[in-house]
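Understanding the architecture of this molecule
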Amino acid sequence: MIPSSRLLLSLSLAALPLAVVRADELPAAAPGTISAEPDRATPVPLVAPRPLAIPPVARHTMANGMRLATIELERMGLVSVRWIFPYAGNATDPAGKDGLAGFVSNLVLKGAGTRDAADITLDLMGAGAGLSVSATRDFMEVTLTAEKGKLDEAMAIAADVLRRPTLPPDELERHRRRALDRYRQNQEKPEYWAGRKLGERLYGEHPYGKPVTEATLSGIARGDLAAFASSRVIPQDAVMGASGLTLDELKVLAERHFGDWMTPGSVQVAAYKSEIPDLAPEAASAVPSGPAWTIDLFDEPAKDQADMTLAFRTINEDHPDYPALRLAVELLGGGSLGRLYRNLREDKRWSYGAYGEIDSDAKAGAVSFEASVQKDKTGEALREVLAELARIKAAPVPDAELQTMKQYLYGSYVRGKEGVSALSASAASIELDRAPADRILTYRDRLFAITPAQILAAARTHLVREGIHVIVVGDARAVYPQLAPIGTVRVYGRDGAEIKDFGKDKQPPPRSAG
Amino acid sequence: MILARLLLLLALPASAGYLPYTKEVLPNGLTVILHEDRSIPVVAVNTWVKTGAADEKAGETGRAHLFEHFMFEGSEHIPQGAFDSIVYAMGGTNNAWTGVDETNYYTLVPSNGLGEALRLESDRLGYLRGAINPEALKKQIGIVVNELRERRDGPYAEVPGETAKLLWPEGHPARNSPGGEIPDVEATAASDAAAFHRKFYNPNNVILSIAGDFDPAEAMALVRRWYGGIPRGPAAPPRRYPPFAKLPARAAKTISDAQARQESVVISFRIPDPGHPDHEKLSLLTGVLGGNDAWGMKKALVNDAELARGVSVNLSNDQRGNSLRISADAAAGVSPARLERALLDQVRSALSSPFPPRALPSIKSALKAAILGQVQKVQDRAVILARGEAHFGDPAHFEAALLRLLAYTEDELRAAGAEYLDEAHAAVLTVVPAATPTGGRSAR
């Protein structure tokens, strides 16, 4: 089964004397005694870890304002290129046209230059390439992965898509029909209404919270797409991050495919920079507490578990407290090490898992905790989450717990740098933030410098407890009585409309078959 | 350098070493595969135990899965709770899954933690039985039951189980769900757990694959040190490999789903197991059938006719009891029967007319890129090497398979499709949203 060269190799390795093994890892073993059992109860001492060796980001700004950044590591002959267009996120959708950035990111792949949708698909496949375009809140992100030898071919397709989208009217109408269809289907999904309510609770009227509706989807015209594509998907301030390429290789390709791409003279980049309104973080004092606190409960009678989300707005990574706050959130909800997981899963056994995270957008950060719990334990589980939030604000985190969390986070960070796609994302984000070229290599020191006192201070200042937004999807008849003593519970039906008198007389809620 | 290697791959008849490895079997039967890669200072230690859902008997389902959880509860020299905390404190992570044929554990550590990772992993392989306690088992039963509830608490959650029942007869190994049935899991006793460990968790039933930043000679010495003294166990019970046969006749069932909001159709065909050339041909054919904006069901039924909201065609890759599956969500106002007819017509026309121009070469080059994308991480490399060894006795099986895939012709694909994708032998599952008298609709 094994090619003979491999067999020889493995035999020769087997024959190597044990002397080549580092002595510090083999205290008990001597040649000839390998079958004797080692001391299994004593941990193997760790030597110093080998540091991460990722080349620094190399960068260059093109004459048209496009900012190139690359990390040279190649893997398996694949390369990855990632563009970020900072003025083309969905928070910049014009009033009444919510969903426009999403439409553009879909339709640019349906026709570009002389290629139609089928050509784009076939040409990308032929180049062993994948191209994806997506609109996030703040940016449009475009990712290209290709075999290095066919990158020129693949980048020509990407250049067509970004610079010469044809926005075919029939494709627009098909996409609109699909978007409307999905929207209508969502009208019957409690999880859709729950997500929409969360956006409304967190961001109110701010563009970050605005839902796409039937009216906005219907109102998007081809002219809107063309205007958005030509005035926002522009080289000025765009970032082109890469991995698997030297800076010279990247420059040659970028000049060839994007060098003569100029931002139209009429576009006022200065105006884009301030167009999304600021959002102040929600401070503990600014949100209602006690009985005025609202829990939004979306009724799905068929659900066996209750899906719980607790969220609030907070600082973003521009704030100096952000790294300490992030650590506080990880201590609560960071995977199976987090306090919530250990409490709700390992100790109480009410849940398969409970997690928390902090997100940083350009105008605000948000913290959220999520758990899917046994429906008969929803109230108790919510109280436990609130108690954990109170606990992390009450006392400094013990050193051992913090050390383990830091090691775990650093390990995850290192593993997150594996593969070309991860590295092009790093290159792009370092350039977007105008961060030092060696930011990846300094992460460890920055992480380990955070003290328990800083975490405690950040938690006390930025982790809300009273007035946190709580959204639950579950069987309201079972869940409501458990939540009513904790806050003011508003119950919504499958259609997202509030059921006004739910639970008033402990009777099943009114329902219609409609 | 890597490009040169790619060219070699295309030129050579056998595997040309995308992932160079060494393989050795210890005297106690443990198969050890090492793949060195120094890109980042991380090592993946992957333990592939040859027991999965397909090895379970009726009334004892979920044993492999429950046991997978139990393996994190400590062993004779590792106190309860210490496995995770030691791994995390090193900056590592770990997890596991239970599949049809395997229970697979992985521990990823910074490269200075390889010795410690092997101490932990070898202890739970060789020295678990003395640490089995009913309280820890009870805890994991509770967690597994929550996992199964969560997994089954959503739309279309019954599709895999119901499809398996349509496709496979009572007693067929592929009929078991990898998670297990809740009552069976709840009924598992500590003595069952000990017996399970004795039966399957022996070095001679395990593949240890290690990928990443290490010196192979040092790593092999560490493996011998920590695993060499674990005694060989009894051979695992022989596996049942039912011979391939088409489903005797069309089988169809409609289920109603209280959380689903749209009609869905899942058409399945039995196909030969991986290793049979027809399985490989059919894997390419899924790309022809499913298609994209240029051809296939996506173009014809989703884009053009708008009969479906989405469609996917894929095939399973287990050791026994495989199928090719076509799943589609009906567009508004389209009956499941009409959608099913349209899907089957698409199969027929794809098999009876020439493939669209450029389709097959495009599928092949995309497939090759996808495979390179799938082995970017050392953890994925450790798994693909272990799977190759477990299924084919050849860690680099995927490389040879890729070479064959790149060579199949349109006629070969069509012939394989005609052989297996016969609607007279299809299993058709239709999911309809339950009528909603209790639909939580507000009165307004």
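Quick notes on the rules
- Residues numbered from 1 in each chain as written.
- Chains lettered and ligands numbered in written order.
- Predicted model: local features only at pLDDT ≥ 70, side-chain atom pairs only at ≥ 80, totals over all residues.
- Heavy atoms only, no water.
- Helix = DSSP H or I, 4+ residues; strand = E, 2+ residues; numbered from the N terminus.
- Rg over C-alpha atoms; globule rule 2.2 N^0.38 Å.
- Buried < 20%, exposed > 50% of the residue type's maximum accessible area, 1.4 Å probe, protein only.
- Contact = heavy atoms within 4.5 Å.
- Pairing = 2+ DSSP bridges.
- Axes fitted to C-alpha atoms, helices over the stretch in contact; angles between N-to-C directions.
- Parallel < 35°, antiparallel > 145°, perpendicular 65-115°, else oblique.
- Left-handed = near helix turned anticlockwise from the far one by under 90°.
- Nonpolar A, V, L, I, M, F, W, Y, C, P; charged D, E, K, R; others polar.
- Salt bridge = Lys/Arg side-chain N within 4 Å of Asp/Glu carboxyl O.
- Polar contact = N/O pair within 3.5 Å; in protein donor to acceptor, adjacent residues only side chain to side chain.

**Some words on the overall build of chain B**
- Helix and strand counts for chain B come out as 16 helices and 11 strands.
- Over its C-alpha trace chain B gives a radius of gyration of 24 Å, about what one expects of a compact globule, namely 22 Å for 444 residues.
- Referenced to the eigenvectors of the C-alpha coordinate spread, the extents of chain B come out at roughly 65 × 60 × 45 Å.
- The proportion of buried residues among the 444 residues of chain B is 61%.
- Restricting the contact set of chain B to residue pairs at least 6 apart, pairs at least 24 apart contribute 81%.

**Notes on the pairing of strand β11 (residues 427-433) of chain B**
Residues and elements named next belong to chain B.
- Extensive coverage of β11 is indicated by the burial of 5 of its 7 residues.
- Direction of pairing for strand β7 (residues 251-257) relative to β11: parallel, over a ladder of 7 bridges. Looking at the pairing, Ala251 lines up with Ala427 of β11.
- In the sheet, strand β8 (residues 264-271) pairs with β11 via 5 bridges, with the strands oriented antiparallel. Across the sheet, Val265 pairs through a bridge with Thr430, a residue of β11.

**A word on the packing of helix α3 (residues 117-126) of chain A against helix α13 (residues 359-374) of chain B**
- Relative to each other, α3(A) and α13(B) sit at 50°, their axes nearing to 7 Å. With respect to α13(B), the axis of α3(A) lies oblique. Between α3(A) and α13(B) lies a crossing whose hand is left-handed. From α3(A), Leu122(A), Met125(A) and Gly126(A) reach across to α13(B), where they touch Ser362(B), Ile363(B), Ser365(B) and Ala366(B).
- When its residues are assigned to classes, the contact of α3(A) with α13(B) shows 4 nonpolar, 3 polar and no charged.

**Brief notes about the environment of Asn95(B)**
All names here are of chain B.
- Residue placement: Asn95 occurs in strand β4 (residues 93-98).
- Sequence separation between Asn95 and Asn46 is 49 residues; the distance between their C-alpha atoms is 10.0 Å.
- When residues no more than four places from it in sequence are discounted, the contact partners of Asn95 are Phe72, Asn104, Tyr105 and Tyr106.

**Describing the pattern of salt bridges**
- Following the criterion strictly, the structure yields 77 salt bridges over all chains and no others.
- Between Lys368(B) and Glu147(A) there is a salt bridge, with the nearest N and O atoms lying 3.9 Å from each other. Of this pair, Lys368(B) sits in helix α13 while Glu147(A) sits in strand β7 (residues 140-147), which puts the two residues in different chains. An identical accessibility class is assigned to Lys368(B) and Glu147(A); each is buried.

**A look at the interface of chain B and chain A**
- Residue-level contacts link 97 residues of chain B with 98 residues of chain A.
- Across the contact surface, chain B and chain A share 14 salt bridges.
- Linking chain B with chain A are 35 residue pairs in polar contact (both at pLDDT 80 or more), by the criterion used here.
- Residues belonging to the side of chain B that touches chain A are distributed by class as follows: 37 nonpolar, 31 polar and 29 charged.

These results come straight from atomic positions and should not be treated as a statement about function.
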